[in-house]
2 protein chains.
Amino acid sequence: MDTLLTPDQLLDHWLGHRRLTRRTIEAFPSDDAFTSFSVGEMRPFAGLVGELLSMSVPTLTGVVSGEWPMEQATPPATRERALARWDADTERIEELWPQIPDGRFQEVDTAFGQWTMPVWELLFYVVDNEVHHRGQAYVFLRALGVEPPAFPDRA
Amino acid sequence: MDTLLTPDQLLDHWLGHRRLTRRTIEAFPSDDAFTSFSVGEMRPFAGLVGELLSMSVPTLTGVVSGEWPMEQATPPATRERALARWDADTERIEELWPQIPDGRFQEVDTAFGQWTMPVWELLFYVVDNEVHHRGQAYVFLRALGVEPPAFPDRA
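This is a predicted model, so every value here is computed, not measured.

What counts and how
- Residues numbered from 1 in each chain as written.
- Chains lettered and ligands numbered in written order.
- Predicted model: local features only at pLDDT ≥ 70, side-chain atom pairs only at ≥ 80, totals over all residues.
- Heavy atoms only, no water.
- Helix = DSSP H or I, 4+ residues; strand = E, 2+ residues; numbered from the N terminus.
- Contact = heavy atoms within 4.5 Å.
- Buried < 20%, exposed > 50% of the residue type's maximum accessible area, 1.4 Å probe, protein only.
- Pairing = 2+ DSSP bridges.
- Least-squares fit on C-alpha atoms with pLDDT ≥ 70 in both.
- Expected span 1.5 Å × (residues − 1).
- Salt bridge = Lys/Arg side-chain N within 4 Å of Asp/Glu carboxyl O.

**Structural notes on the environment of serine 56 of chain A**
Residue and element names in this part refer to chain A.
Stage number 1. Counting through the fold element by element, serine 56 comes out in helix H3 (residues 45–65).
Stage number 2. Separated by 36 residues in sequence, serine 56 and arginine 92 place their C-alpha atoms 9.8 Å apart.
Stage number 3. Leaving out residues up to four positions away in the same chain, serine 56 has contacts with Trp14, Arg18, Asp89, Ile93 and Val126.

**Some points on the pairing of strand E1 (residues 108–111) of chain B**
All names here are of chain B.
Stage number 1. Side chains of E1 alternate between two faces, with Asp109 and Ala111 buried and Val108 and Thr110 left unburied.
Stage number 2. Sheet topology note: the E1/strand E2 (residues 115–118) ladder contains 4 bridges and is antiparallel. Across the sheet, the residue bridging to aspartate 109 is methionine 117, located in E2.
Stage number 3. Counting the residues between successive antiparallel strands, the hairpin from E1 to E2 contains 3 residues, one of them, phenylalanine 112, with a positive phi of roughly 55°.

**Quick look at the relation of the copies chain B and chain A**
Stage number 1. Once chain B is rotated about the relating axis by 180° and shifted along it by 0.0 Å, it coincides with chain A to within an RMSD of 0.0 Å. Here the two chains are linked by the operation of a two-fold rotation axis.
Stage number 2. Take the interface residues of chain B: 100% of them recur as interface residues in chain A, which is what a same-surface contact looks like.

**Quick look at H3 of chain A**
Owing to its 3.6 residues per turn, the α-helix aligns residues three or four sequence positions apart on the same side.
Residues and elements named next belong to chain A.
Stage number 1. Here H3 is 21 residues long and its end C-alpha atoms lie 30 Å apart, about the 30 Å a rise of 1.5 Å per residue gives.
Stage number 2. By the criterion of burial, H3 is predominantly enclosed, with 19 of the 21 residues buried.
Stage number 3. Immediately downstream of H3, the backbone of glycine 66 shows phi near 80°, a positive value.

**Quick word on the side chain of histidine 132 of chain A**
Stage number 1. By the element assignment, histidine 132 of chain A lies in helix H5 (residues 119–143).
Stage number 2. The residues touching histidine 132 of chain A, leaving out its near neighbours within four places in the chain, are Val131, Gly135, Tyr138 and Phe151 of chain B.

**Here we look at the environment of leucine 83 of chain B**
Residue and element names in this part refer to chain B.
Stage number 1. In this fold, leucine 83 is placed in helix H4 (residues 79–96).
Stage number 2. Overall, leucine 83 belongs to the buried group, its relative accessible area being 14%.
Stage number 3. A sequence separation of 46 residues divides leucine 83 from asparagine 129, and the C-alpha atoms of the two residues are 18 Å apart.
Stage number 4. Discounting residues that sit within four places of it in the chain, leucine 83 has contacts with Arg22, Ile25 and Glu26.

**Observations concerning the pattern of salt bridges**
Stage number 1. By the definition in use, this model includes 18 salt bridges over all chains.
Stage number 2. Salt-bridge contacts for arginine 22 of chain A lead to aspartate 87 of chain A; the nearest nitrogen and oxygen are separated by 2.7 Å. With arginine 22 of chain A in helix H1 (residues 7–27) and aspartate 87 of chain A in helix H4 (residues 79–96), the pair connects residues that are 65 residues apart, well separated along the chain.
Stage number 3. A relative accessible area of 23% places arginine 22 of chain A in the partly exposed class.
Stage number 4. Note that glutamate 95 of chain B and arginine 92 of chain B form a salt bridge whose closest N and O atoms lie 2.6 Å from each other. Within this pair, glutamate 95 of chain B and its partner arginine 92 of chain B are both found in helix H4, separated by 3 residues, close to a single helical turn.

Pasting the structure below:
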């Protein structure tokens, strides 16, 4: 069958998004803006980043092992703490990715006792959720008068 | 090689996102909110939807044919007009998708004289851009006091 994309390409795509999200964290003008500013009573970006951190490595761990360790979402208290956790998770993702068993992407599994779908779709959900919440952070930045990082730039 | 996902699965994934974006358009409480409300001097959601409309079918047309017709982004004037254009494009996407030539996803092409990457990545860009801007519309809705549609629901 026609290859749509390879696992290596999907990893690179995800890592490109993670670099952009990292720059979005850096773009916040202060820790206070990062942890407290929001629009429409939404969670501030620190809260959204806490959610992203609680999903990415735990989901990939489940994809690799079939075990789904719940991790509580804790908002990072500063931009520096957020970036340190972000970078540690990126390293962990790069370690775990090659351990995804052959044939696993097309297996159906239930993540965290709740989300039943093919493994490729569980991974897409994690990336889509990052794009979704990062887009929201762009609005917070604009409302703060800050130009967000360029969306197409994933280097 | 291990199949990550099939073209049919990627189409279904995209159509799921399109259903959610459609519900996001419907969630705006008035045409005025849709075409005029924004945060931080951003384009209102009608402007963002105009951009999404100008990208999806033109990109898929380029993927199918190798020709890249530029289409100007015109913001829909009402929610009803937006939904009519959205639904017409969804139909067109369903018609065009099965016409993607074998082996095309891994070919590198330059979209609209500007974006050079493998075809799968051009398609991912269109979907990611939709997720990104729809996330922004969620903030606009929250700022308007409206609960956005449930993110995980793609039915």
